[in-house]
Amino acid sequence: MADTIPTLTLNNGVELPALGYGVFQTPPDETVTATVEALRVGYRHIDTAAAYGNEREVGEALRRSGVPRDEVFLETKVWISDYGYDATLHAFDKSAGKLGVDTIDLLILHQALPSRFDLTVEAYQALETLLADGKVRAIGVSNFMPEHLDRLLAETSVVPAVNQVEVHPYFRQPDVLAANAKHGILTQAWSPIGGITFYRDTGHTSTLQDPTILRLAEAHGATPAQVMLRWHLQQGRSAIPKSVTPSRIAENLDVTGFELSAEELAAIDALDTGRRGGPEPDAITLETFGREIPEA
Ligand SMILES: NC(=O)c1ccc[n+]([C@@H]2O[C@H](COP(=O)([O-])OP(=O)(O)OC[C@H]3O[C@@H](n4cnc5c(N)ncnc54)[C@H](OP(=O)(O)O)[C@@H]3O)[C@@H](O)[C@H]2O)c1
């Protein structure tokens, strides 16, 4: 099944499967089973993070699955508490140690630290060193707004390969999508089926029950999640849906059997509420979000 998922090429020539398997909020004791299942049904790209506390279990799942290491694109993120040149170099050792790998395919900064951009730049410079040393195959960022990208690009030399940001039908961030495209940065959608609109009790309604999404799902004999994932793929994004439910893990990978029209894609675009589900990127500080990432 994996060979039917489109491949995207990053700005440094490295390829990755457009659809990955996300493990945010997957408890460590469920991560091995769920990730083995994802690999069994054909996912070949996994997105974790030091801050998720389950890198060790992702590595264990990879080994248990029997899928060769070089067939799986492993992506993880450095948490803000490990920003700074030396600290970020060490963050690679922690993540690689927990994952049980020598090389990480894509290592990204989890957030910008707008009030300590000096540390953010140092962290990124460490990623540049890791890239030059061949310890990571690509580097990037997450939750960077256009002004953060401008600041980073002015002070560093490698253009990020990826900017992983909140993108789903209710929060599309067109300004971020445009800035990424302008710089040749691949947009990777987190909460791609709108998870954050329904698993957080913030009064959001669910993208899974949106009338337009339901109408398109019925028209194509697909599920609401499949329609949203198809929308990402047809617009050239990478997407990393999360599920611990075997039927949904398989459903979310089975998205190549139908095509949305330009009008249908535009109808999904038009659902944007402009309302962010995740934290405001400018509100991320070490004081409010800092926490220690354990050693490997
Ligand atoms: N960079 C960042 O700051 C950041 C932030 C958030 C997320 N992420 C990444 O993005 C990944 C995905 O985001 P997310 O987990 O927030 O949201 P999501 O993938 O949009 O949604 C996940 C939620 O949807 C449910 N679900 C999954 N497939 C479904 C289906 N086919 N039908 C109905 N419900 C379904 C899951 O439930 P079950 O698991 O119970 O099946 C879970 O509650 C994360 O795992 C993580 O890797 C990154």
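Here, every reference points to the structure presented above.
Think of each chain on its own: its residues are numbered from 1, step by step along the sequence as written. Note on the predicted model: pLDDT of at least 70 is required for a residue's local features to be given, and 80 or more for side-chain atom pairs to be given and counted; whole-chain, interface and lining totals, by contrast, use all residues. Values reported for side chains reflect all heavy atoms of the structure, with hydrogen atoms and water molecules removed beforehand.

1. What to know about the overall build of the protein chain
The helix and strand inventory of the protein chain stands at 12 helices and 10 strands. Relative to the globule expectation of 19 Å for 296 residues, the C-alpha radius of gyration of the protein chain, 18 Å, shows essentially globular dimensions. Total accessible area on the protein chain stands at roughly 11900 Å², and carbon and sulfur atoms take up 50% of it. With 24 positive and 41 negative side-chain charges, the protein chain shows a spacing of 3 Å between the two charge centroids. In this text, helices come from DSSP runs of H or I with a minimum length of four residues, and strands from runs of E with a minimum of two, each type numbered from the N-terminal end. The globule rule used for comparison is 2.2 Å times the number of residues to the exponent 0.38, while the radius of gyration itself is calculated over C-alpha atoms. Throughout, the Shrake-Rupley method with a 1.4 Å probe supplies accessible areas, and for residues the shown protein chains are the sole cover considered. The convention is simple: Lys and Arg are positive, Asp and Glu are negative, and His and the chain ends are not counted. The atoms used to mark charge sites are NZ of Lys, CZ of Arg, CG of Asp and CD of Glu.

2. Brief notes about the environment of Q188
In this fold, Q188 is placed in strand 9 (residues 186–190). Whether a residue is buried, partly exposed or exposed follows from its accessible area with a 1.4 Å probe, protein chains only, as a fraction of its type maximum: under 20%, in between, or over 50%, in that order. Overall, the relative accessible area of 0% leaves Q188 in the buried class. Considered as a pair, Q188 and G20 are 168 residues apart in the sequence and their alpha carbons are 9.7 Å apart. Throughout, a residue-residue contact means that at least one pair of heavy atoms, one from each residue, lies within 4.5 Å. Not counting residues within four places of it along the chain, the set of residues in contact with Q188 comprises L16, H45, E75, V162, N163, Q164, V165, S238 and I240.

3. With respect to a nonpolar patch on the surface
Together, F24, F198 and Y199 line one region of the surface with nonpolar side chains, adding up to about 260 Å² of accessible area. Relative to the assigned elements, Y199 resides in helix 7 (residues 195–199). In this structure Y199 comes out as partly exposed when scored by relative accessible area, which is 35%. A patch consists of residues whose relative accessible area exceeds 30% and which take part in no salt bridge; residues with like charges are grouped when within 9 Å of each other, and nonpolar side chains (Val, Leu, Ile, Met, Phe, Trp, Tyr) when within 5 Å. We define a salt bridge as a side-chain nitrogen of Lys or Arg found within 4 Å of a carboxyl oxygen belonging to Asp or Glu.

4. As for the side chain of R230
Mapped onto the elements of the fold, R230 is located in helix 9 (residues 224–234). Separated by 2.9 Å, the side chain of R230 and the backbone oxygen of F258 make a polar contact. When near neighbours in sequence (up to four residues on either side) are disregarded, R230 contacts V255, T256, F258, E259 and L260. In the analysis that follows, any N or O atom pair within 3.5 Å is treated as a polar contact, provided that within protein one partner can donate a hydrogen and the other can accept it, and provided that, for residues neighboring in sequence, both atoms belong to side chains.

5. Overview of the packing of helix 2 (residues 55–65) against helix 3 (residues 85–99)
Angle between the axes and distance between the axes: these two values describe a pair of packed helices. Lines fitted to C-alpha atoms define the axes, with helix axes restricted to the stretch in contact, and inter-axis angles between N-to-C directions lie between 0 and 180 degrees. Contact geometry of helix 2 with helix 3 gives a least axis separation of 6 Å together with a crossing angle of 40°. Looking at the two axes, helix 2 sits oblique to helix 3. Each of E55, R56, V58, G59 and R63 in helix 2 lies in contact with helix 3, whose residues at this interface are S95, K98 and L99. Residues are grouped as follows: nonpolar covers Ala, Val, Leu, Ile, Met, Phe, Trp, Tyr, Cys and Pro; charged covers Asp, Glu, Lys and Arg; every other residue, Gly included, is treated as polar. Looking at the contact of helix 2 with helix 3, its residues break down into 2 nonpolar, 2 polar and 4 charged. Any angle that falls under 35 degrees is termed roughly parallel, while one over 145 is termed roughly antiparallel, one within 65 to 115 roughly perpendicular, and all others oblique.

6. Remarks on the site of the ligand
For this purpose, a residue is taken to be near a molecule or strand whenever a single non-hydrogen atom of the residue falls within 4 Å of it. In the neighbourhood of the ligand, 29 residues make up the surrounding shell, with D47, S191, Y199, S243 and T245 lying closest. The side chain of D47 places a nitrogen or oxygen atom 2.6 Å from an oxygen atom of the ligand. At a separation of 2.6 Å, an oxygen atom of the ligand approaches a polar side-chain atom of S243. Calculation on the ligand without its partners gives an accessible area of 910 Å², and the protein chains cover 91% of this total. Every element with two or more residues in the shell around the ligand is listed here: helix 7 and helix 10 (246–251). A total of 3 residues in the shell around the ligand trace back to one element, the largest contributor, which is helix 7. A class-by-class count of the residues in the shell around the ligand yields 13 nonpolar, 11 polar and 5 charged.

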